Structures are given as structure tokens and as C-alpha cells.
Amino acid sequence: MSPRESNSDRLSRSLSGAGAIIEAAAAARAFGESQWLSDDELARLCIVVEELVANLYDHGGLTDMDEVALDFAVEPDGIRVAIGDPGDAFDPFTAPRKAGATERGGGVGIDIIRAWASYISYSPSPGANRLEFLLPVHWEH
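Counting from 1, residues in each chain are numbered in the order their sequence is written. Owing to the predicted nature of the model, reporting of local features is limited to residues with pLDDT of at least 70; listing and counting of side-chain atom pairs is limited to 80 or more, with chain, interface and lining totals taken over all residues. Based on all heavy atoms of the structure, the side-chain values leave hydrogens and waters out of the count.

Asker: Outline the pattern of salt bridges, supporting the account with residue identities and numerical values.
Answerer: Any carboxyl oxygen of Asp or Glu within 4 Å of a side-chain nitrogen of Lys or Arg constitutes a salt bridge here. Under the criterion given, the structure shown has six salt bridges. Between R29 and E33 there is a salt bridge, with the nearest N and O atoms lying 3.6 Å from each other. Of this pair, R29 and E33 are both found in helix 1 (residues 20-34), four residues apart, which corresponds to roughly one turn of the helix. Burial status follows relative accessibility: with a 1.4 Å probe on protein chains alone, a residue under 20% of its type maximum counts as buried, one over 50% as exposed, and anything between as partly exposed. Looking at R29, the relative accessible area reads 40%, which means it is partly exposed. Numbered from the N terminus, helices here are DSSP runs of H or I no shorter than four residues, and strands are runs of E no shorter than two.

Set out below in C-alpha cells:
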């Protein structure tokens, strides 16, 4: 039995408030470590999740009272991540690239997300946006 087989292949968290971004990154790290991801894969998972949740609060209109649902699941080709939020509709995988504030690195986060993760789906609706993506992982067999 591989180390991964003895760990849960799913994790769900509900986040809100000032600590949501830190909690999202911590949940990504805990789940990635439980799946024995390589250091590079773990870093990518944490960065992508942190960037997406930070953008919800920085640009998506979320307040400390809004709740973000974060789900991780093991798939044959990697880690599936789903993020549900009540903020403004925005799909980082299909949105046109905007010129960012280069002194602050504006737009770089979306480029990283698009480079490291594979798009699965995005469902916008009032109060219930849902983004799903796959972070590719090369599982050891």
C-alpha cells in the first residue's frame, strides 16, 4: 500500500473573514501533504488556492461575513479543487487578460493559475459561483 492510500482522498473547508486566505493556504498544504505531493506540486497547489481565494476578497466583493467553500479531491491525474463563493462572477481561466498594475504584479496571479492548473468548469450564479480545476500531479505507483 502506498502512503497515499492510507489517507483520506477528500477534504472540505468552509472559510470566512479575515483569516480565510491563510486558512485556504493551510488547508491546501495539509491536503497536499496528506497525499504525499512533491515539494513543487505542493507549492503550486498552495499558491493557486491562495491566489484564487485572495482574489475573491480583493476583487470579488466578498466581505468578512461571506462564506467560501473549498473542496479538494484526489483524481487519477491530480488534485481537483472546487471553490464556491457568493462574490462577483469571474472565471480566471476564460476572462480576457487585463493590463495590470505592473509595479504590484497585477495580473500575474491569473497567469500562474492558467499555467499550473487545468480548467474543469465554472458556474456563475447570483450568490453561488463555483470554479473547479485540476492541479496535475504525477502520482508515484
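Asker: Give a detailed account of unusual backbone geometry, specifying residues and quantitative values.
Answerer: Even without being glycine, W36 reaches a positive phi, approximately 60°. When you line up the elements, W36 lands in the loop between helix 1 and helix 2 (39-59). Given a relative accessible area of 58%, W36 falls into the exposed group.

Asker: Summarise the packing of helix 1 against helix 2; cite the residues concerned and give the values.
Answerer: For helices, the fitted line uses only the C-alpha atoms of the stretch in contact; every axis is such a line through C-alpha atoms, and the angle between N-to-C directions lies from 0 to 180 degrees. In contact at an axis separation of 8 Å, helix 1 and helix 2 are set at 155° when each is read in the N-to-C sense. One element, helix 1, and the other, helix 2, form an angle in the roughly antiparallel class. Pair helix 1 / helix 2 crosses with right-handed handedness. Across from A20, I21, A24, A25, A28, R29, G32 and E33 in helix 1, the residues of helix 2 making contact are L42, L45, C46, V49, E50, V53, A54 and Y57. When residue character is reported, Ala, Val, Leu, Ile, Met, Phe, Trp, Tyr, Cys and Pro are called nonpolar, Asp, Glu, Lys and Arg charged, and the others, Gly included, polar. Looking at the contact of helix 1 with helix 2, its residues break down into 12 nonpolar, one polar and three charged. Roughly parallel means an angle under 35 degrees; roughly antiparallel means over 145; roughly perpendicular covers 65 to 115; every other angle is labelled oblique. Crossing chirality is assigned from the near helix's rotation relative to the far helix, an anticlockwise turn below a right angle marking it left-handed and a clockwise turn marking it right-handed. Throughout, a residue-residue contact means that at least one pair of heavy atoms, one from each residue, lies within 4.5 Å.

Asker: Run through the packing of aromatic side chains, naming residues and quoting values.
Answerer: We call Phe, Tyr and Trp rings a pair once their centres come within 6.5 Å, taking the six-membered ring for Trp, and we label the pair stacked below 30 degrees between planes, edge-to-face above 60, and tilted otherwise. For the structure shown, the criterion picks out three aromatic pairs. Ring geometry for F31 versus F72: centroids 5.4 Å apart, planes at 20°, classification stacked. Note that F31 is positioned in helix 1 and F72 in strand 2 (residues 67-75), a separation of 41 residues in sequence. A single burial state applies to F31 and to F72, both of which are buried. Ring geometry for F93 against F133: centres 6.3 Å apart, planes inclined by 40°, an arrangement best described as tilted. A residue pair is termed long-range when its members are at least 10 positions apart, and F93 in the loop between strand 3 (78-85) and helix 3 (108-116) and F133 in strand 5 (residues 129-136) qualify at 40 residues. Each member of the pair, F93 as well as F133, carries the same accessibility label: buried. Members of the aromatic cluster, connected to one another through ring pairs, are F93, Y119 and F133.

Asker: Tell me about the confidence of the model for the protein, and please be specific about residues and values.
Answerer: The predicted coordinates ought not to be read in detail in places where the model reports low pLDDT. For the protein, the average pLDDT comes to 89, and 87% of its residues sit at 70 or higher. For every residue, the predictor assigns a confidence score, pLDDT, that lies between 0 and 100. The spread of mean pLDDT over the elements of the protein runs between helix 3, the lowest at 90, and strand 3, the highest at 98. In the model, residues 1-6 has pLDDT below 50 throughout and makes six contacts with residues more than four positions away in sequence or in other chains.

Asker: Before we move on, could you go through the side chain of Q35 and cite the residues and values that matter?
Answerer: Here Q35 shows up in the loop between helix 1 and helix 2. There is a polar contact of 3.1 Å between the side chain of Q35 and the side chain of S34. Whenever two N or O atoms come within 3.5 Å, that pair is a polar contact, provided that in protein one can donate a hydrogen and the other can accept it, and provided that, for residues adjacent in sequence, both atoms are side-chain atoms.

Asker: So what's going on with the packing of helix 2 against helix 3? Which residues, and what values?
Answerer: Packing of helix 2 against helix 3 brings their axes to within 10 Å, and their N-to-C directions diverge by 135°. Of the possible angle classes, the one that applies to helix 2 and helix 3 is oblique. In the packing of helix 2 onto helix 3, the handedness of the crossing is left-handed. Here helix 2 contributes R44, I47, V48, E51 and L52 to the contact with helix 3, which in turn contributes G109, I112, I113 and W116.

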